[in-house]
Amino acid sequence: MDVKIEPSWKEILKPEFTKPYFLQVAAHLKTEKASGATVYPPGQLIFNAFNTTPFTDVKVVILGQDPYHGYGQAHGLSFSVPDGIATPPSLQNIYKELHTDIGMPIPKSGNLVHWAKQGVFLLNAILTVRANEPASHAKIGWMDFTDAVIRKISGNKTGIVFLLWGKFAQEKQVLIDETKHFVLKAAHPSPFSADKGFFGCKHFSRTNEILRKQGREPINWTQH
């Protein structure tokens, strides 16, 4: 099937788009739409992380679980919300850690597009969700796809920094070749677990240190 996705990703993921699991995902989304269900993010933003951060540009991967399920929140980038939407609790805690780690002022907007444009791939393991029903699309096949994405990054690139926050993300560690990539782990930034090891993890300054040591441009985490 012809998937509308950024060309460098399309090239590397081409084999996935004809596999039964992917066709099953597409069929499920069509059925949902036909039934009148509201699915987030809107169709044109499902692959927003891929379209904003081409495969060729990926330097850092921040793995989320599934999209925000409230009205107007999800726009296809993990942990991020569009301008004008209240900053969700996990992202508030990410901002708090950025403040203590690098002194970054707490931004008013929760839009992380400026990270994505610098090579921070904001990938959710599940790319869609039914409105107000968290994890409602967890079993429709998305994880087969995003596991393949992580394997492709691991297999075809070197020196990527993977930030794995919480148990769910850390289960993906097996997909990453740690002989050529860097894995930083911490608790999830959710209010339920942030004080169990997310606060104080210094992942943002550590990421930039790793990038600098490779002679790569560090990430400007501060909002523009």
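This one's a predicted model, so the numbers in the text were calculated from it and none came from an experiment.

Chemist: Looking at this structure, I do not really get the nonpolar core. What am I missing?
Modeler: Where a protein is soluble and globular, its nonpolar side chains tend to be buried together. Core analysis: the biggest nonpolar cluster contains 67 residues, and Trp-9, Phe-47, Phe-50, Trp-115, Phe-121, Trp-142 and Phe-145 have the highest contact counts within it. With six residues, the single largest contributor to this core is helix α6 (residues 142-156). Every residue in contact with Phe-145, bar those within four places of it in the chain, is listed here: Leu-13, Glu-16, Phe-17, Tyr-21, Phe-22, Phe-47, Phe-50 and Leu-127.

Chemist: Looking at this structure, how should I read helix α2 (residues 20-34)?
Modeler: Three- or four-residue spacings in an α-helix give side chains the same orientation, since the helix completes a turn every 3.6 residues. With 15 residues, α2 ought to run about 21 Å at 1.5 Å a step, and its terminal C-alpha atoms sit 21 Å apart, in line with that. Among all positions in α2, only Tyr-21, Phe-22, Val-25, Ala-26, Leu-29 and Glu-32 are buried. Seen end-on, α2 carries its buried residues on one side only, within an arc spanning 145 degrees. Counted as exposed and oriented over 90 degrees from the buried face of α2: Pro-20, Lys-30, Thr-31 and Ala-34. Of the surrounding secondary structure, the elements contacted by the buried residues of α2 are β1 (39-40), β4 (129-130) and α6. After α2 finishes, the residue Gly-36 shows a positive phi value of roughly 90 degrees.

Chemist: Sorry if this is basic, but what is going on with the packing of aromatic side chains here?
Modeler: For any pair of aromatic rings, the description consists of the separation of the ring centres together with the inter-plane angle of the planes. As enumerated under the stated definition, the model contains 21 aromatic pairs in all. Each ring, one from Trp-9 and one from Phe-55, has its centre 5.1 Å from the other, and the planes form 75 degrees; the classification is edge-to-face. Here Trp-9 is found in helix α1 (residues 7-13), whereas its partner Phe-55 is found in the loop between α3 (48-52) and β2 (60-64), with 46 residues between them in sequence. Across the pair, exposure class does not vary: Trp-9 and Phe-55 are buried alike. One cation-aromatic arrangement involves Lys-157 over Phe-55; the distance from NZ or CZ to the ring centre is 4.8 Å.

Chemist: Would you mind going over the environment of Met-143 with me for this structure?
Modeler: Looking at where Met-143 falls in the secondary structure, it is placed in helix α6. Met-143 gets classed as partly exposed once you look at its relative accessible area, which sits at 23%. For the pair Met-143 and Ile-106, spaced 37 residues apart in sequence, the C-alpha separation works out to 32 Å. Sequence-distant contacts of Met-143, defined by excluding residues within four places in its chain, comprise Ala-125, Ile-126, Ala-138, Phe-168 and Lys-172.

Chemist: Mind showing me how you'd approach the pattern of salt bridges here?
Modeler: Where charged atoms from two side chains of opposite charge come close, those side chains can pair. Per the counting criterion, the structure on display carries eight salt bridges. For Lys-172, the salt bridge goes to Asp-147, with nearest N and O atoms at 2.8 Å. In this pair, Lys-172 sits in the loop between α7 (166-170) and β6 (182-186) while Asp-147 sits in helix α6, placing the two residues 25 residues apart along the sequence. Residue Asp-147 is classed as buried on the basis of its relative accessible area of 17%. Close ionic contact of Lys-167 with Glu-171 constitutes a salt bridge, the shortest N to O distance being 2.9 Å. We classify Lys-167 as exposed; its relative accessible area is 64%. Within this structure, Glu-32, Arg-130 and Glu-133 form a network of salt bridges that share partners.

Thresholds, definitions, all that
Residues numbered from 1 in each chain as written. Predicted model: local features only at pLDDT ≥ 70, side-chain atom pairs only at ≥ 80, totals over all residues. Heavy atoms only, no water. Core = buried A, V, L, I, M, F, W, Y, C linked by side-chain atoms within 4.5 Å. Buried < 20%, exposed > 50% of the residue type's maximum accessible area, 1.4 Å probe, protein only. Helix = DSSP H or I, 4+ residues; strand = E, 2+ residues; numbered from the N terminus. Contact = heavy atoms within 4.5 Å. Expected span 1.5 Å × (residues − 1). Arc of directions from axis to C-beta. Phe/Tyr/Trp six-rings, centres within 6.5 Å; stacked < 30°, edge-to-face > 60°. Lys NZ or Arg CZ within 6 Å of the ring centre and 35° of its normal. Salt bridge = Lys/Arg side-chain N within 4 Å of Asp/Glu carboxyl O.

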